[in-house]
There are 2 protein chains.
Amino acid sequence: MATLGAQKKHKVTIVGSGNWGTTMSKLVAENAKENPNLFEQTVTMWVFEEEVTIPESSRVYKPEDKGEKHKISELINTRHENVKYLPNITLPDNVVANPDVVDACKNSSILIFVLPHQFIQRVCDQLAGKIMPWARAICCTKGVDVGEKGIRLMSEAIGMRLNIYCGALSGANIASEIAQEKYSETTVAYDPPPMDSRAPTPKGSPTSSTVDLISPGKSVPSARSAQLKALPSDYPPLSHENVKKLFHRPYFHVRMVSDVAGVSLSGALKNIVALAAGFVDGLGWGDNAKAAVMRVGILEMVRFGKAFFADSVHTSTFTEESCGVADVVTSCMGGRNFRCAKMAIERGKSIAEIEKTELNGQMLQGTSTAYEVNSFLKTQGMEGEFPLFTAVYNILEGNVKPEQIPDLIEPKD
Amino acid sequence: MATLGAQKKHKVTIVGSGNWGTTMSKLVAENAKENPNLFEQTVTMWVFEEEVTIPESSRVYKPEDKGEKHKISELINTRHENVKYLPNITLPDNVVANPDVVDACKNSSILIFVLPHQFIQRVCDQLAGKIMPWARAICCTKGVDVGEKGIRLMSEAIGMRLNIYCGALSGANIASEIAQEKYSETTVAYDPPPMDSRAPTPKGSPTSSTVDLISPGKSVPSARSAQLKALPSDYPPLSHENVKKLFHRPYFHVRMVSDVAGVSLSGALKNIVALAAGFVDGLGWGDNAKAAVMRVGILEMVRFGKAFFADSVHTSTFTEESCGVADVVTSCMGGRNFRCAKMAIERGKSIAEIEKTELNGQMLQGTSTAYEVNSFLKTQGMEGEFPLFTAVYNILEGNVKPEQIPDLIEPKD
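A brief report on the enclosed structure follows. The residue numbering used here restarts from 1 in each chain and proceeds along that chain's sequence as written. Written order determines the labels here, with chains lettered from A and ligands numbered from 1. A pLDDT threshold of at least 70 governs which residues receive local features in this predicted model, and a stricter bar of 80 or more applies before side-chain atom pairs are shown or counted, although totals over entire chains, interfaces and linings include all residues. Excluded from the side-chain calculations are hydrogens and water; all other atoms, namely the structure's heavy atoms, are used.

### Focus on the relation of the copies chain A and chain B
Here is the rule we go by: Least-squares superposition of the copies uses the C-alpha atoms of those residues scoring a pLDDT of at least 70 in each of them. We call two residues contacting when some pair of their heavy atoms lies within 4.5 Å.
Its rotation angle being 180 degrees, the transformation that places chain A on chain B also includes 0.0 Å of axial translation and leaves an RMSD of 0.0 Å. The superposition of one copy onto the other is thereby described by a two-fold rotation axis. Relative to the rotation axis, the C-alpha of threonine 319 of chain A is the closest in chain A, positioned 2.8 Å from it. Most of the interface of chain A is mirrored in chain B, where 100% of its interface residues are also at the interface.

### Let's talk about the interface of chain A and chain B
Heads up, the condition is: Accessible surface is computed with a 1.4 Å probe, and the buried area is the amount of it that two parts give up when combined, taken over both parts together. Here, a salt bridge means any side-chain nitrogen of Lys or Arg that lies within 4 Å of a carboxyl oxygen of Asp or Glu. We call two N or O atoms a polar contact when they sit within 3.5 Å, provided that within protein one can donate a hydrogen and the other can accept it, with sequence-adjacent residues counted only if both atoms are side-chain atoms. The way it works is that DSSP assigns letters per residue, a run of H or I at least four long becomes a helix, a run of E at least two long becomes a strand, and they are numbered from the N terminus.
Counting from both sides, the interface comprises 44 residues of chain A and, opposite them, 44 residues of chain B. Where chain A abuts chain B, roughly 3,600 Å² becomes buried across the two surfaces, and 59% of that area is made up of carbon and sulfur atoms. Three residues stand out in chain A for area buried against chain B, namely Tyr183, Asn288 and Arg295 of chain A, and they jointly supply 22% of the buried area on that side. At the junction of chain A with chain B, the criterion picks out two salt bridges. With its nearest N and O atoms 2.6 Å apart, the salt bridge here joins glutamate 185 of chain A to arginine 295 of chain B. Taken together, the connections running from chain A to chain B amount to 13 residue pairs in polar contact (both at pLDDT 80 or more). Of all elements in the fold, only helix H6 (175–179), strand E11 (184–189), strand E12 (252–257), helix H10 (286–308), helix H11 (315–320), helix H12 (322–334) and helix H17 (405–409) of chain A reach the threshold of two or more residues within the side of chain A that touches chain B.

### Things to note about the sheet that holds strand E11 (residues 184–189) of chain B
Adjacent strands of a sheet form backbone hydrogen bonds with each other and so pair up, either parallel or antiparallel. Residues and elements named next belong to chain B. This is how it is decided: Strands are labelled as partners when DSSP assigns at least two bridges between them. Geometry is summarised by axes, namely lines fitted to C-alpha atoms with helices restricted to the contacting stretch, and by angles between N-to-C directions that run from 0 to 180 degrees.
Sheet architecture is open: eight strands sit in the order E5-E2-E1-E6-E7-E10-E11-E12, paired in mixed fashion. With partners counted over all chains shown, the strands left at the sheet margins are strand E5 (95–98) and strand E12 (252–257), one partner each. The sheet shows a mean angle of 25 degrees between the axes of neighbouring strands, direction not considered. Its contacts with the sheet place helix H9 (residues 260–282) against strand E10 (165–170), E11 and E12, and it is angled at close to 45 degrees to E10.

### Here's the deal with the pairing of strand E1 (residues 10–15) of chain A
All names here are of chain A. We apply this condition: Think of it in three bands: residues with accessible area under 20% of the maximum for their type are buried, residues over 50% are exposed, and the middle band is partly exposed, with areas taken using a 1.4 Å probe on protein chains only.
With six of its six residues buried, E1 lies for the most part within the structure. Burial along E1 is two-sided: His10, Val12 and Ile14 facing one way and Lys11, Thr13 and Val15 facing the other are all buried. Inspection of the sheet shows E1 paired to strand E2 (residues 39–46) by five bridges, in the parallel sense. Residue pairing in the sheet places isoleucine 14 in a bridge with methionine 45 of E2.

### Focus: unusual backbone geometry
Residues and elements named next belong to chain A. Here glutamate 181, not a glycine, exhibits a phi torsion of approximately 65 degrees, which is positive. Within the secondary structure, glutamate 181 is located in the loop between H6 and E11. Owing to a relative accessible area of 41%, glutamate 181 belongs among the partly exposed residues under this scheme.

### Here we look at the pattern of salt bridges
Tallied over the entire structure, the rule returns 40 salt bridges over all chains. With a shortest N-O distance of 3.7 Å, lysine 245 of chain B and glutamate 241 of chain B are connected by a salt bridge. Taken together, the residues lysine 245 of chain B and glutamate 241 of chain B, both in helix H8 (residues 240–247) and four residues apart, mark about one turn of the helix. Residue classification places glutamate 241 of chain B among the partly exposed positions, given a relative accessible area of 46%. One salt bridge connects aspartate 281 of chain B with lysine 342 of chain B, and the closest N-O pair in it is separated by 3.0 Å. Here aspartate 281 of chain B, found in helix H9, pairs with lysine 342 of chain B, found in helix H13 (residues 336–347); they are 61 residues apart in sequence, far enough to count as distant. Ionic contacts of the salt-bridge type, sharing partners, join the residues Lys26, Glu30, Glu34, Glu181 and Arg249 of chain A into one network.

Laid out in structure tokens, this is it:
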């Protein structure tokens, strides 16, 4: 029904081949097979080429592999396993690895970005102007860039660099569990603005300098919509129903929403909440206190979204969807931010010391997000409206003690 | 300001002296001291009299107590400790225990019910017609009575038997942690209907037979409001602001709402969700799966409230308040229902067997609520609209396996 009149099918490329990218390829390739009217059978995965040896414990190891180096893309294409980033999971044979990012994406109408944060800009720069002008993207990388001047969603960074529409996927999702087909849920936000189907294909790409930070309240997608190219009518429409068919599996339940900003913010701000929950748990205050901090944290996430993305953010994205409440729960049960914050309190050390000893000096996502968000809130004069986020920042800075959290977040009414 | 013109003060009685009742007396008595314009200094606690011996390990033990029996009310009044139900916690000296329930309540304008479920009817029958006609009650007992014909909130059962208005308090609250002044939150629902201040004081009390189950959609409080007696104007008004002052402490943060049905339903339905989370965790499916089941469960709680208490239930009571999301989180982290359900799956036993071996045959609250809710949903022809609640019932009955949960709760759209 949805494909009535459609002659073409969507070609899908997964941009990224780490733990999460390879898992995404697996489930999207399974769905391509089940929906042959919507999607081309081959699902391409762009692989950052590496030479790897196959561990002897691997199921795909053969005696002649001993000491041999293999290209990771060849192993995926011949043995259907990413031995380095998703070992012991067999990939469907319609996942085809391609180490050339431009070639992997050039004819695809759907691009799924699953790259580490720091590679997104560089890869988008390589792709700009070399993809189909009506392609659509979904960003599966969590996090947002928060600076003093504003907030940039990953999806917007991708969309603006490539001049295409980009949605977002986020949820309580641990890649290795999904790869093993353990049940979980996710949230996909997809809501392209009305587009002018007569608009000419853009020549060239926006340069980096045109990608500005989004200022509070500004609704960039609608401002850009006239430049975006509509999907030709011989493709199946990318309705919520069809986008859901790309991701939904019996073990991976998808809920579609329209709130890209809410989904993106959830994935970033939950890490601040996880630090707060870790602090409180480290004090030995029990599950009541931890649940209270999580609840207050979810409501500050809502307030943040409403304050800075009033046009589009829905409360329910945070309070009812997998990317919100469920991801907060998972992150506060055993996530890295939670565990390190708890450890810091229990050992009487600073988070910075824990980062040094436990993470080889790598900064926790929650720590950097807490600093970025605080710096932004300061410029807005709004620290007081986000007492939990502000308390986490001040604990990290040594200005206040975790024991003060209840007092600091007590509503003054 | 709130007490302008008020000459009287509210006398408060705690009806109940178990773990939670004694904790409630402590915090209410602390607040009475801090708000001498609103509340009388003496806070009465009705104590079901027992003879107890003081353990030698107790802080209040003296050598002459060896082998001696003491009345529990006398120990509370002289040594300021409930050695049996809240050992090692010093109660404020303005908590006064009274073993006569009628005498304890007769002059009180605020009655706080903290009784085990099964004692509420009997105690209300003793009190009916012997309390101040304008008294207000708050019910801190969790749970609702769900029968095939309808749902009765505890607060409504109390209110109808005593012919007074009764609100509700519920949250992620473990009494012993609150007694130790560990931080937690709670939700208080309080929303008396407009009352006719000229209505005569009711003579006598409604008999048990007038207390019907509430049928879906029926709004009993408004039907009864004309019978309720307004608070005389020489008392401080019982506004949200003043009710909050009765419960809110630096370690016990109160949020006031108006949704009595939502607060009451949360406290009951969360136990079904905790069983589901325990089943999934017992399968070793990880935190993603557990968080997904919790999220789906919260939304079924909302749907249940909206279906049967459409007049008054707010989504946010479940998704944003301590009684909702926070209590679900706490119950699914370490509550008894969660632990027993998990244990059942891990050991390959039925919940009934676990109840026998671990709880001396006592039934879990989640189990009985799951059966009651299912029986009610069947009479409404609405099992299909609550797939998680229905799945839990069917797992308890052995009709389906926990592994089928994802399939059973998958939205059919």
